[in-house]
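Listed below, chain by chain, are the residues.
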Amino acid sequence: MSPFPGGFSDLSGSSQQKPYTGHTLDWGRRVQKGMRWCCHLTLRCSGGGDNWANGRGFRGERGEKALAEKMMNGFGHGHNMEEEEVEEEEDYAERRRLESSAHHIYNWKNVHQDLHGWASELDVGELITIPNFSLYDAMSAIELCDVKMDIGLLLKDRKIKSFEEGMERGSLKMDNFLAVEYLAVMERSLANLILWIEGHCLAQTVFTMLYLHKPQQVPDELIRTYCWSLLALCEYVRQIMLDGYVVEEEDFQVTSLALPPSSNADAPTAAALLKSVKSCEETSSKQARKHRSSFKETSLADDDLQSQQWNALAMRFRFLRTLLQFFGSFALRSESFFAEAPQLIDLLEATIEKILAGYKLSEEQFRAAPGFESLVNLHLLPPSFPRHTPATVDGKSFDFFRSLSHQLRIVVSARDRLKTIEGFLFYLRTDGVLLDSALTRSMMQIVIGASLVLKRCSGDAPGKWELISTSDFIADSLRAFSNPPVLMSGFAQYEHHGQMKEYIETFLRSCIASTSVVLRNYGLNKARQRDSLAACLVDLFALQDDAEKFDEYFNAQLAELKLTGLNHTFCFGSWTLTTMLNAMADFLFCGLELQLYANSELHFVYWYLYDVLLHCEVQTISRAESATRENELAWQILHEVNLRGNKKAGGSKKKQNGRTKGSSESVPRPHVLYLARAQTLHHFCGALHYALLALQWQEKIKRPDQSLDCEEFRYYHRLMPFQERNAPAFVDYEQYQQVKSVMARNHVLFVGSSSGENSLDSVSDAYLKSSFNFQQADRHLVLWAKGGEKAILSKLCKRNDVIVRILATGRNCKAVAINFDLHPWFPSLSLL
Amino acid sequence: MEDDGLEMVLSSLASSSINSAEDGVQCPATKETSPVAAPSPPATRLPEHERQQRVEEERRQKVLSLKTSLVALGAEHGVRYITYGGEHHLHEIMDLITRDLSEPYSIYTYRYFIYQWPKLCHLAVNEEGKVVGAIVCKMENAKNSTFRLETVKRGYIAMLAVDKTIRRVKIGTALVIHSVESLINNGCDEVVLETETTNEAALRLYENLGFARHKRLLKYYLNGVDAFRLKLWLRFPAVIRERGKMSLMESLQLDLPQEQPKA
């Protein structure tokens, strides 16, 4: 019988070893009360006759000495030997109390000899566990006094232990602040705020500023107001992150670990706070003006400097006030928010620009900010928590806020885009890619959620309206995309035929479910987004199958109703297919963005995008566009026929007809944009597919040196989420190889001759095809892209076009470098 | 390991289908239709199941030949490769690894791996018998990340450390190859490990061996750095293997009536 349940049947070399878990001895006889934490040390190993008290450093005599010292001194995580109930997950409040009381008494007892005796009775690999002291406790206990793992060892480095202690001992500055000190406090705490927003722990960032622990006790008005503002900002941010419901543990730590108890009962209300920030701003401006006028009189450099500093301070208070106003209004979800927000963002941007152009703190001034102690909350964190203190960077804070305000603008204008799902997704894919902060991603999710809820609230029967109003949103989207006859405005009269109404509702319900997942995906960080896309594909595949069945059913019903000319084929299907293809393409694009694909894999990634996914998407959008047009036309003809046959009822129908016609003319077709984007991406991928193929033939792409590589494994595993799909069918590796070999064969056999549309005559032909696709991509780009993205993609097209054309001339170069420096999806090629 | 049992049965059946194929009976392979126009498959194509086995076998041979060459390279420089031999190695392994890794590991971490999977702990020792390189692995059944219902047998490389004073012997690569070989022999489907995105040396080592970046784990390490989860796929995905088995079953059904008269 193997002694290793999870391992191998024999253990080479050491017959003495036994598994170290689950071997319990009669412990009660030997354990004295309060000695629990010692028992991990009874793990004994046979290395050169040493007693291994601890895995690192406590070997033999030295280890035991250290151990005895540890017991006598008792620092560490606070494992108090006299307290029986000290658990790893102990009550932190109690520990805080113990830590903060300056004079707690430990009654230590030296158990060094006892321990040594007990340990000698154990065999190698044996471990004693008792119910109150598990393996987990043993693992924590062994971390005591280890510099890498024991918080306790760092605590003695604290200069100020707490707000009270700092105040009593006078080590915490409380009044007579200079302007430059105010600036340093602000700058450093804002840098900390940013670190927190970027995912670090609140206790290690924002709350390393001691004034925040007891703002009500800070006598200086400016600092006190600033503290309350910062706390209010933190609360807004925390609430947004919670409400957005898209942040993961790596994005943001929502649960603030053991926050210092600041009594929020004293906190001013939002309105009072804004008022006091305003008065701080005025105080600072007054000071600035005072120094300015005295500078005019005296021309002292110090006055000029003071004036600049106070001015900088006033600007920061204005910035703070605007930010508080913005977030306060957002938190209320008031209707006026969307009207007010653009002006607030304008003001925010203008203030940030002034701040960036104004007085700058030196690094020494930044570091000398009063009231900060990076280790002050360390004892509140659980021992397993990451304990490195992130470095705060001076001078970058307002660059972050500049980018933030730009992102806020995108969030605010999102509401107007919530007309159709395609339109909104287009917005998210183009402007929305700039939302790189968890905060703005969460805000976007809130805007989406709240907007749809707002729609619901406008209904008469709250609670029952959500489904209907969201399904209206989906129905509108479907109407705009493929105009299914069953969703046309005049179709209601036929809806009761058969099970049509029920089927329509069923389909819309499943669309809502998948749409909400798709929308939520855009809120996740890229790594999670990729996982989520792979997971949601299964549902999208099922929805696509359903849609095709519904289309078939509705077509049969239309024929039964003798509504000739109306065609339901692919109406639902093309909409779901586009959603699905987009998700599939996004899965691959996310992989590119996360830098997951090796150079040798890029070819099949771009080929799959070009030949399968985007090719299909371009066709689907075109088909949807023509279906929309044809169905509209057919509907009008049907109406005209109706009118002719039913002249009496003509008056009202004429009106309706007129309205339909008018509305179809006034709304420009959105397909142009979607199609242009899909075609741009399609041509981009095509260009890279041809270029990479030719580079592979010429062996100009660096491949792994001594590879155990198997491209077929990679191909299947990389594209695994697509394998359960019939339309577009998953393309096997074998077929991929055939496509390549057809091109290669033509390249070898028919140099200089042309043989069909898809074949390549030579390497240079492949490069020329690549060049053509880059040019096409560039041409389509202007139809949809804007701003920075347009400039970057256009630059990539032009640059790569030049490179592939040089390569097509047969110019000799050793290799070609592939860099994703300009765009995360598409590399720029350069000759080496 | 019901799956493995089934596979063994199928592989024994596979030989009969190969024989029948050689006798001139063509086994049709099931293939889904594709939108990409593909030429008709060549007449002498192997049955899908057998082809998959051959691909996997080729991989195994690659591993073996690479291992042989690396062992020979080591021998030239007086480096031997052994598996974990007992407590006397443990301390040396710990010393070696502690020197390199940023993450703090306690003795429990080492014991967790080495006591449960001692045969997956490979060492490089120099002429004096001193440990100059170590790799610590484990294996477990894990859920497939895409198709949650599938379980895969996953090998995991927990730690790899090499004495930096010994160069040009490719000890790191050799140790990984040794692990991969023992994981293949234990029927693993894949080998997984995590490394910092900034650790270029490690990325180069693994990627040269054919490991792919399977995932990016944001802020994975205590120092806030992202990690790449690297993966070496040792077999076809279960979906594809299943397809191979299906084609085998179908070919067997076609074969059976022809074999009956002979019986």
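Residues numbered from 1 in each chain as written. Chains lettered and ligands numbered in written order. Predicted model: local features only at pLDDT ≥ 70, side-chain atom pairs only at ≥ 80, totals over all residues. Heavy atoms only, no water.

## Re the overall build of chain A
What counts is decided by this rule: Strands are runs of DSSP state E lasting at least two residues, helices are runs of H or I lasting at least four, and both sets are numbered from the N terminus onward. Exposure classes here rest on a 1.4 Å probe applied to the protein chains alone. A residue is buried below 20% of its type maximum, exposed above 50%, and partly exposed in between. By definition, residues are in contact when any of their heavy atoms lie within 4.5 Å. The Shrake-Rupley method, run with a 1.4 Å probe sphere, supplies the accessible areas, and residue values consider only the shown protein chains as cover.
Along chain A, the regular secondary structure elements total 26 helices and 2 strands. Counting all 832 residues of chain A, 54% fall into the buried class. Within chain A, counting contacts between residues at least 6 apart in sequence, those at least 24 apart form 78% of the total. Summed over its atoms, the accessible surface of chain A is roughly 36500 Å², and 53% of this surface lies on carbon and sulfur atoms.

## Side note on the overall build of chain B
Secondary structure assignment for chain B yields 7 helices and 7 strands. Listed N to C, the secondary structure of chain B is α-α-β-α-α-β-β-β-α-β-α-β-β-α in terms of helices and strands. By the burial criterion, 52% of the 263 residues in chain B qualify as buried. For chain B, restricting intrachain contacts to residue pairs at least 6 apart in sequence, the fraction spanning at least 24 positions comes to 67%. Taken as a whole, chain B presents about 12200 Å² of accessible surface, with 54% of it coming from carbon and sulfur.

## Focus on the domain arrangement of chain B
Where interface size is given, it is often the accessible area lost as the parts come together that is meant. Residue and element names in this part refer to chain B. Stated precisely, the cut-off is as follows: Domain start and end points were adopted from an automatic or database domain assignment. Salt-bridge detection follows one rule: a side-chain nitrogen of Lys or Arg within 4 Å of a carboxyl oxygen of Asp or Glu.
Annotation of chain B at the domain level lists domain 1 (56–188) and domain 2 (190–233). One C-alpha centre belongs to domain 1, the other to domain 2, and the line joining them spans 16 Å. Counting from both sides, the interface comprises 20 residues of domain 1 and, opposite them, 18 residues of domain 2. Linking domain 1 with domain 2 are 1 salt bridge. In this structure, E190 and R154 form a salt bridge, with 2.7 Å as the shortest nitrogen-oxygen distance. Broken down by secondary-structure element, the contributors of at least two residues to the side of domain 1 that touches domain 2 are α2 (48–76), β4 (151–162) and α5 (171–185). With 7 residues, β4 is the single largest residue contributor to the side of domain 1 that touches domain 2.

## Thoughts on the packing of aromatic side chains
The criterion, for reference: Each Phe, Tyr or Trp ring (for Trp, its six-membered ring) is paired with any other whose centre lies within 6.5 Å, and the angle between the two planes then decides the class: stacked below 30 degrees, edge-to-face above 60, tilted in between. Ring-over charges, as used throughout, are those where CZ of Arg or NZ of Lys falls within 6 Å of the ring centre and within 35 degrees of the ring normal.
Inspection of the entire model under this criterion finds 50 aromatic pairs over all chains. Ring geometry for F330(A) versus F337(A): centroids 5.2 Å apart, planes at 70°, classification edge-to-face. The exposure class assigned to F330(A) is buried, which follows from its relative accessible area of 3%. One aromatic cluster is present, formed by F587(A), F604(A), W607(A), Y608(A), F713(A), Y715(A), Y716(A), F722(A), F730(A), Y733(A), Y736(A) and F236(B) through successive ring pairs. Directly above the ring of F570(A) sits R623(A), whose terminal nitrogen or CZ lies 3.8 Å from the centroid.

## Thoughts on the nonpolar core
Residue and element names in this part refer to chain A. As a reminder of what qualifies: Throughout, nonpolar core names a set of buried Ala, Val, Leu, Ile, Met, Phe, Trp, Tyr and Cys residues whose side chains join them through atoms within 4.5 Å.
Of all hydrophobic cores here, the largest spans 213 residues; its most connected members are F401, Y715 and F826. Per element, the largest residue contribution to this core is 18 residues, and it comes from helix α20 (residues 599–645). Two domains each provide a minimum of three residues to this core, namely domain 2 (424–456 + 470–673) and domain 3 (697–831). Ignoring sequence-local partners within four residues, the contact set of F826 consists of F589, Y606, L681, F684, C685, L688, L793, L796 and F820.

## Let's talk about empty space enclosed by the protein
Residues and elements named next belong to chain A. Stated formally: Here the term cavity refers to a set of points on a 1 Å grid, laid over the protein atoms alone, in which a 1.4 Å probe fits but cannot get out; the term pocket refers to an open set having protein on both sides within 12 Å along at least five of seven lines, with lining residues being those that place an atom within 4 Å of a point. Grid points are joined across faces, edges and corners, and a volume is the space filled by probe spheres set on the points. For this classification, the nonpolar set comprises Ala, Val, Leu, Ile, Met, Phe, Trp, Tyr, Cys and Pro, the charged set comprises Asp, Glu, Lys and Arg, and every other residue, Gly included, is treated as polar.
Tallied over the full model, the rule gives 13 cavities of 30 Å³ or more. If you go around the largest cavity, you meet 14 residues; those closest to its centre are R429, T578, N582, E617 and Y674. Contributing elements (two or more residues each) for the lining of the largest cavity: α14 (421–430), α19 (571–593), α20 and α22 (671–697). Residues belonging to the lining of the largest cavity are distributed by class as follows: 7 nonpolar, 3 polar and 4 charged.

## Things to note about the packing of helix α8 (residues 221–244) of chain A against helix α10 (residues 301–332) of chain A
Packed helices, taken two at a time, are described by the angle between their axes plus the distance between the axes. Residues and elements named next belong to chain A. As a reminder of what qualifies: What counts as an axis is a line fitted to C-alpha atoms, over the stretch in contact for a helix, and the angles between N-to-C directions run from 0 to 180 degrees. By convention the crossing between two helices is left-handed if the near helix lies anticlockwise of the far one by an angle smaller than a right angle, and right-handed if it lies clockwise.
Packing of α8 against α10 leaves a shortest axis separation of 10 Å and a crossing angle of 35°. For the pair α8 and α10, the sense of crossing is left-handed. When α8 is examined against α10, the residues L222, Y226, S229, A232, L233, Y236 and I240 are found in contact with a partner set consisting of W310, L313, F317, L320, L323, L324, F327, G328, F330 and A331. Here the contact of α8 with α10 is composed, by residue class, of 15 nonpolar, 2 polar and no charged.

## Quick notes on the UniProt feature "domain: NAA35-like N-terminal" (unreviewed entry) in chain A
What counts is decided by this rule: UniProt positions are given in the numbering used here, feature names are shortened, and annotations may be inferred rather than shown by experiment.
The UniProt entry lists residues 125–216 of chain A under the feature "domain: NAA35-like N-terminal" (unreviewed entry), expressed in the numbering used here. A distance of 56 Å separates the end C-alpha atoms of residues 125–216 of chain A, which is 40% helix and 0% strand.

## Focus: unusual backbone geometry
Residue and element names in this part refer to chain A. Of note in the backbone geometry, S299 takes a positive phi value of approximately 60° without being a glycine. Inspection of the secondary structure assignment puts S299 in the loop between α9 (270–298) and α10. In this structure, F570 is a non-glycine residue whose phi angle is positive, near 65°. Among the secondary structure elements, F570 is positioned in the loop between α18 (526–560) and α19.

## Digging into a nonpolar patch on the surface
All names here are of chain A. To keep things clear, this is the line we draw: Like-charged residues are merged into a patch within 9 Å and nonpolar side chains (Val, Leu, Ile, Met, Phe, Trp, Tyr) within 5 Å, provided each residue has over 30% relative accessible area and no salt bridge.
Judged by side-chain polarity, L633, I637 and V641 come together as a nonpolar surface patch covering roughly 280 Å² of accessible area. Along the polypeptide, L633 turns up in helix α20. On the basis of relative accessibility, which here comes to 53%, the residue L633 falls in the exposed class.

## Points about the packing of α14(A) against α22(A)
Residue and element names in this part refer to chain A. What counts here: An angle below 35 degrees is treated as roughly parallel, one above 145 as roughly antiparallel, one from 65 to 115 as roughly perpendicular, and anything else as oblique.
Contact geometry of α14 with α22 gives a least axis separation of 10 Å together with a crossing angle of 40°. On the basis of their axis angle, the class for α14 and α22 is oblique. When the axes of α14 and α22 are compared, the crossing they make is left-handed. Contact with α14, carried on its side by E422, G423, F426, R429 and T430, involves L673, Y674 and R677 of α22 and no other residues of that element. Along the lines of polarity and charge, the residues of the contact of α14 with α22 split into 3 nonpolar, 2 polar and 3 charged.

## Quick notes on the side chain of S106(B)
Within the secondary structure, S106(B) is located in the loop between α3 (87–100) and α4 (107–116). The buried category is assigned to S106(B), whose relative accessible area is 8%. Dropping the residues within four chain positions of it, S106(B) is found in contact with I142(A) and M149(A).

## Some remarks on helix α17 (residues 500–521) of chain A
Using the following cut-off: A helix's residues, less one, multiplied by 1.5 Å, set its expected span.
Between its terminal C-alpha atoms α17(A) stretches 32 Å, which fits the 32 Å expected from 22 residues at 1.5 Å a residue. Of all the residues in α17(A), the buried ones are M500(A), I504(A), F507(A), L508(A), C511(A), I512(A), S514(A), T515(A), V518(A), L519(A) and N521(A).

## Thoughts on the environment of K170(B)
Residue and element names in this part refer to chain B. Residue position: K170 is located in the loop between β4 and α5. Taking the relative accessible area as the measure of exposure, K170 reaches 42% and is therefore partly exposed. In this structure, the C-alpha to C-alpha distance between K170 and I93, residues 77 residues apart in sequence, is 18 Å.

## Here we look at the sheet that holds strand β3 (residues 131–143) of chain B
Residue and element names in this part refer to chain B. The condition is simple: One bridge is not enough; two strands pair if DSSP finds at least two bridges between them.
The strand order β1-β2-β3-β4-β5-β7-β6 describes an open sheet built from 7 strands, whose pairing is mixed. Looking along the sheet, the strands with just one partner apiece sit at the ends: β1 (80–83) and β6 (212–217). Ignoring strand direction, the axes of neighbouring strands in this sheet form an average angle of 25°. Bridge count for β3 against β4 is 11 bridges, and the pairing is antiparallel. When the bridges of β4 are listed, A134 appears paired with A161.

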